[in-house]
Amino acid sequence: MNTTKLYYEDSHLTAFTATVTCCTPVKKGWEITLDATAFYPEGGGQASDTGILGGVKVLSVREENEEIFHLCDKPLEVGSTVEGTIDWEHRFDLMQQHAGEHIVSGIIHKRYGWHNVGFHMGADVVTIDFDGPVPAEDLQEIENTANNAIWQDLPIKCWYPTPEELPTVPYRRKKDLPWPVRIVEFPGYDICACCGTHPKTTGAIGLVKLFSCVKFHQGVRIEMACGKRALNMLTAAYEQNKQVSQAFSAKLQETGSAARRMNEALAAEKFRASALEKQLFAHIAQGYAGKTLAVHFAKDLSPNSCRELCDAIADFAKVAVTLSGNDEGGYCLCVLSHTEDAKAIGDAAAKALNGRGGGKKEAFQGRISATQGQIENFFAQNEI
Ligand SMILES: [Zn+2]
């Protein structure tokens, strides 16, 4: 039996009264049909409504042969009159995203001739795929045009053309559709075959924000958000920028250049620290002149610096061993020699001191989990 589709009569209808015509137990609950409903089913890329029907939860809604099936968590009595309330926040969000998608798709179709070939609604952004390229530098202009369409608060018109009228309607489609076709028109921006629900005017979309445009298959994927969703994302980005601005003591519009300057300053400081390390390592190395074995513990060195210090010492001692770390977390170990088998020494140390590592005859690098005392004992007892 056909269900009267109240959502097509008024897309802003949130509550209604209807009679239960059937209630069938299914795997995930009960499927309930009504003589009329404002619950929109899944379709055309739009998710179904949720809400409350006669005091029970409506989990999802589907359409089959003009009949609307409400999947509910509890049964309802056939023949009873029930009140239905749809989750308006959920529906309005879907309508804002969907209507924004129409406008952006219409603009891109008119400008480049490409079709919208995919649509996905994520937790935050919405993606639209097009079957041809859109230059990333055009994105701002497309966004401006879409927002102008919203601010003009144009009426969104839905209708079924007659069989005679249909061939004259210049609607966006990839192929001709059989009559009857439901047409939705955003005057001057989009005219398209669509079975979805739409706001009454474009102003309800609020705003459109295009976030990115990347190559996808033969065309592009555009990330966007509309209405409250877009506002929430921009508010979150603004909050982040505020924190960056405070951290850098920079104006909100100048955080990018402040971050770049900070990166440059950091690179210069790294360069300066490395030069100072080199001087310090040369000084330490000279202290091991003439030694057969130099075992040196250094604080807080990176594995690279541990290796550089070892390199410096190996120019003065026959075998250089450097370690950096602490008794709790373990030590990074480096063994270097111009004459002896550094790998054999490193392997033996790793084996005896709960470690691992690798290298070649002239150099070994690894990590060991032992105390400074245990490490010193090992090298004192194992003659090189
Ligand atoms: Zn639509």
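Computed from a prediction, not measured in an experiment: that's the story for all the values here. (Residues numbered from 1 in each chain as written. Predicted model: local features only at pLDDT ≥ 70, side-chain atom pairs only at ≥ 80, totals over all residues.)

Observations concerning the overall build of the protein
Here is the rule: Helix and strand assignments come from DSSP, with helices taken as H or I runs of at least 4 residues and strands as E runs of at least 2, each series counted from the N terminus. In this description the radius of gyration comes from C-alpha coordinates, and the expected globular size is given by 2.2 Å times residues to the power 0.38. We call two residues in contact if the C-beta atoms placed from their backbones are at most 7 Å apart.
Tallying secondary structure elements over the protein gives eight helices and 20 strands in all. Against the compact-globule benchmark of 21 Å for 384 residues, the protein has a radius of gyration of 35 Å, which places it well outside the compact range. By principal-axis analysis of the C-alpha atoms, the protein measures approximately 100 × 50 × 40 Å. Look at the contacts in the protein between residues 6 or more apart in sequence, and 56% of them connect residues 24 or more apart.

Topic: the domain arrangement of the protein
The following threshold applies: Delimitation of the domains relies on an automatic or database domain assignment. Side-chain classes are defined by residue name, with Ala, Val, Leu, Ile, Met, Phe, Trp, Tyr, Cys and Pro counting as nonpolar, Asp, Glu, Lys and Arg as charged, and the others, Gly among them, as polar.
Along its sequence, the protein is carved into domain 1 (4-86), domain 2 (92-235) and domain 3 (272-381). On a C-alpha basis, the centroid separation for the pair domain 1 and domain 2 is 27 Å. Taken together, the nine residues of domain 1 in the interface contact 12 residues of domain 2. Grouping the constituent residues of the side of domain 1 that touches domain 2 by class yields three nonpolar, six polar and no charged.

Details of the sheet that holds strand 5 (residues 51-53)
Just so we agree on the cut-off: Should DSSP find at least two bridges between two strands, the strands are taken to pair. Here the axes come from fitting lines to C-alpha atoms, over the contacting stretch only for helices, and the angles between their N-to-C directions go from 0 to 180 degrees.
Strand order in this closed barrel of six strands is 2-3-7-6-5-8, and the pairing throughout is antiparallel. Mean inter-strand twist for the sheet, computed between neighbouring axes without regard to direction, equals 45 degrees. For strand 3 (residues 29-34) and strand 7 (residues 67-72), the ladder comprises three bridges, and the chain directions are antiparallel. By the bridge assignment for strand 7, W30 is matched with C72.

What to know about the pairing of strand 6 (residues 56-64)
Taken together, the three bridges between strand 5 and strand 6 define a ladder with antiparallel strand orientation. When the sheet's bridge partners are listed, L53 is paired in strand 6 with V56. In textbook terms, the turn of a hairpin is the stretch between consecutive antiparallel strands, and for strand 5 and strand 6 this stretch comprises two residues, one of which, G54, has a positive phi near 55 degrees. Bridge count for strand 6 against strand 7 is six bridges, and the pairing is antiparallel. Residue pairing for strand 7: R62 is matched across the bridge by F69. The hairpin formed by strand 6 and strand 7 contains two residues between the paired strands, and N65 there has a positive phi angle of roughly 50 degrees.

Concerning helix 6 (residues 303-314)
Keep this limit in mind: The length a helix should cover is 1.5 Å for every residue beyond the first.
Across its 12 residues, helix 6 extends 16 Å between first and last C-alpha, which sits within 8% of the 16 Å expected from 1.5 Å per residue. Among the structural elements, helix 5 (255-286), strand 16 (293-298), strand 17 (319-326) and strand 18 (330-337) are those in contact with the buried residues of helix 6.

Overview of the sheet that holds strand 9 (residues 116-121)
Spatially, 9-10-15-14 is the arrangement adopted by the four strands of the open sheet, whose pairing is antiparallel. Every interior strand has two partners, whereas the edge strands, strand 9 and strand 14 (208-216), have only one. Averaged over all adjacent pairs, the angle separating strand axes in this sheet is 20 degrees, with direction ignored. Both strand 14 and strand 15 (residues 219-226) contribute to a ladder of eight bridges, which runs antiparallel. Residue pairing across strands places V208 opposite C226, the latter belonging to strand 15.

Quick notes on the packing of helix 5 against helix 6
Applicable threshold: Put simply, angles under 35 degrees are roughly parallel, angles over 145 are roughly antiparallel, angles from 65 to 115 are roughly perpendicular, and the rest are oblique. A crossing counts as left-handed when the near helix is turned anticlockwise from the far one by less than a right angle, and as right-handed when that turn is clockwise.
Where helix 5 meets helix 6, the axes come as close as 8 Å, and the angle between the chain directions of the two elements is 40 degrees. Judged by the angle between their axes, helix 5 and helix 6 are oblique. Helix 6 is crossed by helix 5, and the crossing has right-handed handedness. Residue-level inspection shows E277, F281, A282, I284 and A285 of helix 5 in contact with helix 6, the latter providing S305, E308, L309, A312 and I313.

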